[in-house]
Structure formats: structure tokens, C-alpha cells
Amino acid sequence: MNVPMPEPASLGHGIHLIPAPLPFKSPAWVNTYAIEADGGILLLDCGTDWEPGREAIRDGFGQLGLDESAVHTLVVSHLHLDHVGMSARLVKELGCRLVMHERAAKLVDRYNDTPGYVDRLLRIGRAHGVPPRVLGSVTGDLATRPEYMPLIDPPDHTVADGERIDIGDGRSLEVIHTPGHEPAHICLRDSRTGILFSGDHVLPRISPVIMWDEDLGDPLGSYLASLQKLLGMNPGITYPAHGTLIDRGDERARQILLHHDRRLLDMAELVRSADTTAWEVMLKSFRPNLTPLEARLAFLETVSHLEHLKMIGRLQTEQRDGTVVFRR
Ligand SMILES: [Zn+2]
């Protein structure tokens, strides 16, 4: 995204946008939303735990004439570090309660377990043909937990699909469970305006990465079903967690569905021309010279697509010398 980070802004209806920079090139910032709620403020998402992010939230509240000590609730859309990373610090400093989806509460230990994640990545990499010489670089930068990703605490309160978070005056935020990008991902819909807070489920210009993991079933299948579920609710104005605001959430969701349809077709075609590993499909599907982080995400996205094709019966696999080979 080459768009510069926007300034904090009041968007109307008691909703305020406070972007917080991230220690990455892309996405370069997370959109946090401060929503006036029941005599205080509900904050949605919080970014990673580093000083520029913390200052942006403090300064953003100040610029908008809001008092950050009025934040009584922090809701996180999902358990990725750019959304939940600063949660422990904010809960401590602002004295707010932490709210997440009920499934997220069961994934807190997993989020905190970096060695476990590195082990799983190494196993997935070996199984799906990542050459030994790049296996370390594709997973290696994770070996130490970065400072901006401290451990997180379990939530004070959990919410379920369809539940409404009361924000006072007869207004509520409806919880929509949208697994795929992450298994506990939620969107929130404002009962008064119909505005959808889409987290990373629907983003402008980019499609959220759908990462394979050993114990998530069919993450791409879940993601596509979650997009269809959202389309059934006719989303209009959509406030995403990254990038610029979206006028037509329904159109953007359809574009992302098409993007995955094409990618599935292209990858099935690659396998049709020759039996192949997920790593080889990744190399043919993405631009060359990816950074190790980009290569990891592209690889995990490729495995998600190929495994989905297998689960819907369009591809098969066989083991050759301990490596999974996809074939028609
Ligand atoms: Zn994100």
C-alpha cells in the first residue's frame, strides 16, 4: 500500500478513526476505531506494542478531543499481533476490559507459544517441499519473539456469533464470526448506522492472507464461507482494519471471492500440467525475489489453496519420500 497513513478523524455517529503505525512495510498501519459507548469509549483493535503505535493512540485521542482514560472496553477483531499486540499494555494503562471471540480465548496460549509455532512451520515446510537451504530463512526470523509482540493475557469477556455488544442508548454492535484469515476473526456491525467494522476479513486493494496450519481444517474453505455469510448481510459502508474506508463492502467481498476463484483455477492448472509440491506451485504463482516473510506467507497461502482443492475433490496427494505431492 503506497497510500500514506491518514490523520485521526471523527467519522460521525460517535465513531473515530485513530490509525496506529506498525513496524512493517505492509501493512504500514492498523486502523483502530474509538466508538463512543455508554458514557465511555469502546476501542476496536490496538496494533503492536511499540512506542510509535502507543503515541499515535495517545495523540489521536488528544487531537480528536477525546480522553483515552474513558476507554472501558478493548475489543480485538482477531489474534494477530497487529490487532492484539498492545492489548496487555492498554488494559494495564487504561484499566479497560479485554473482549474477544470465544474461540480466540482458546487460542491465547497458542498465540503466546512462539517455539510451538516455529515447530509447526518447520513441519509444514518439510512436508510441502520447502528446500532445506531456504527452510531456515522462511521460518528463522520467528525464532525469537520480537519486542513489539509481548505475551497477551486471556480476555476478561468473550462474545459469540450473533451476540450484541450493547453500547448504550439502544445501540449495539453485532458480532459476526468470520473465520478464515484467522479462526476466531470477528466483524462488528453497528445497529444504528449499518456500518460494518470488517477487521482483516474484507480489506481494500489487498486480500487478507489465508495461512495454512496443521490443525485448522480448511482455512480457505472457512474464509470463502465467511465471505458468503457476510454477503448475505448486504454490507455497505465498511471500515476495515487496514487501508482506506470502503464504500461498498458487498462489491469488495465479491472481488475477493473472484480473486480466490482465479487463484484456485490457476493452481489447479499448474498441478494438471505436472505433479508438483506446494513450494513449487508457490514459486510459479508469485513474483520472484520475495523477502523471507513474504515467501512464508505466499507459501502458507498456496498450501491453503491446494489443500482446499484436495478437500473439494479436485486434487489428490501422494507421499513421495516424506513430501506431499499434489496431482490430478
Ligand atoms: Zn491485520
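For the structure itself, look to the data block above.
About the cut-offs
Residues numbered from 1 in each chain as written. Predicted model: local features only at pLDDT ≥ 70, side-chain atom pairs only at ≥ 80, totals over all residues. Heavy atoms only, no water. Donors = N, O, S within 2.8 Å, 3.2 Å for Na, K, Ca; no water. Tetrahedral: all angles 85-135°; square planar, octahedral: opposite > 155°, others 65-115°. Helix = DSSP H or I, 4+ residues; strand = E, 2+ residues; numbered from the N terminus. Buried < 20%, exposed > 50% of the residue type's maximum accessible area, 1.4 Å probe, protein only. Pairing = 2+ DSSP bridges. Axes fitted to C-alpha atoms, helices over the stretch in contact; angles between N-to-C directions. Parallel < 35°, antiparallel > 145°, perpendicular 65-115°, else oblique. Contact = heavy atoms within 4.5 Å. Nonpolar A, V, L, I, M, F, W, Y, C, P; charged D, E, K, R; others polar.

Here's the deal with the coordination of the zinc ion
Phase 1 of the analysis: Within the first shell, the zinc ion binds the protein through D82 (OD), H83 (NE2), D200 (OD) and H242 (NE2), at distances of 2.1 to 2.2 Å.
Phase 2 of the analysis: What the four donor atoms of the zinc ion show is an angle range of 85 to 159° at the metal, which sorts the shape as irregular.
Phase 3 of the analysis: Between consecutive donor residues of the zinc ion, the sequence gaps follow D-H-x116-D-x41-H. Placement of the pair is D82 in helix α2 (residues 81-84) and D200 in the loop between β11 (196-199) and α8 (219-231), with a sequence separation of 118 residues. Neither residue differs from the other here; D82 and D200 are each classed as buried.

Examining the sheet that holds strand β10 (residues 186-190)
Hydrogen bonds along the backbone pair up the strands of a sheet, which may run parallel or antiparallel.
Phase 1 of the analysis: Pairing within the open sheet is mixed, and its five strands lie in the order β8-β9-β10-β11-β12. Either end of the sheet is taken by a strand with one partner, and the two such strands are β8 (164-168) and β12 (238-240). The mean inter-strand angle of the sheet, taken between neighbouring strand axes irrespective of direction, is 25°.
Phase 2 of the analysis: Sheet analysis places strand β9 (residues 171-177) next to β10, joined by five bridges and oriented antiparallel. When the bridges of β10 are listed, L173 appears paired with D190.

Brief notes about the packing of helix α9 (residues 249-273) against helix α11 (residues 292-311)
Phase 1 of the analysis: Relative orientation of the contacting elements α9 and α11 amounts to 80°, with a least axis distance of 10 Å. Viewed along their axes, α9 and α11 adopt a mutual orientation that is roughly perpendicular. In this structure, α9 uses H260, R263, L264, M267, A268 and V271 to contact α11, whose residues at the interface are E301, T302, H305, L306, H308 and L309.
Phase 2 of the analysis: The residue inventory of the contact of α9 with α11, partitioned by class, reads six nonpolar, four polar and two charged.

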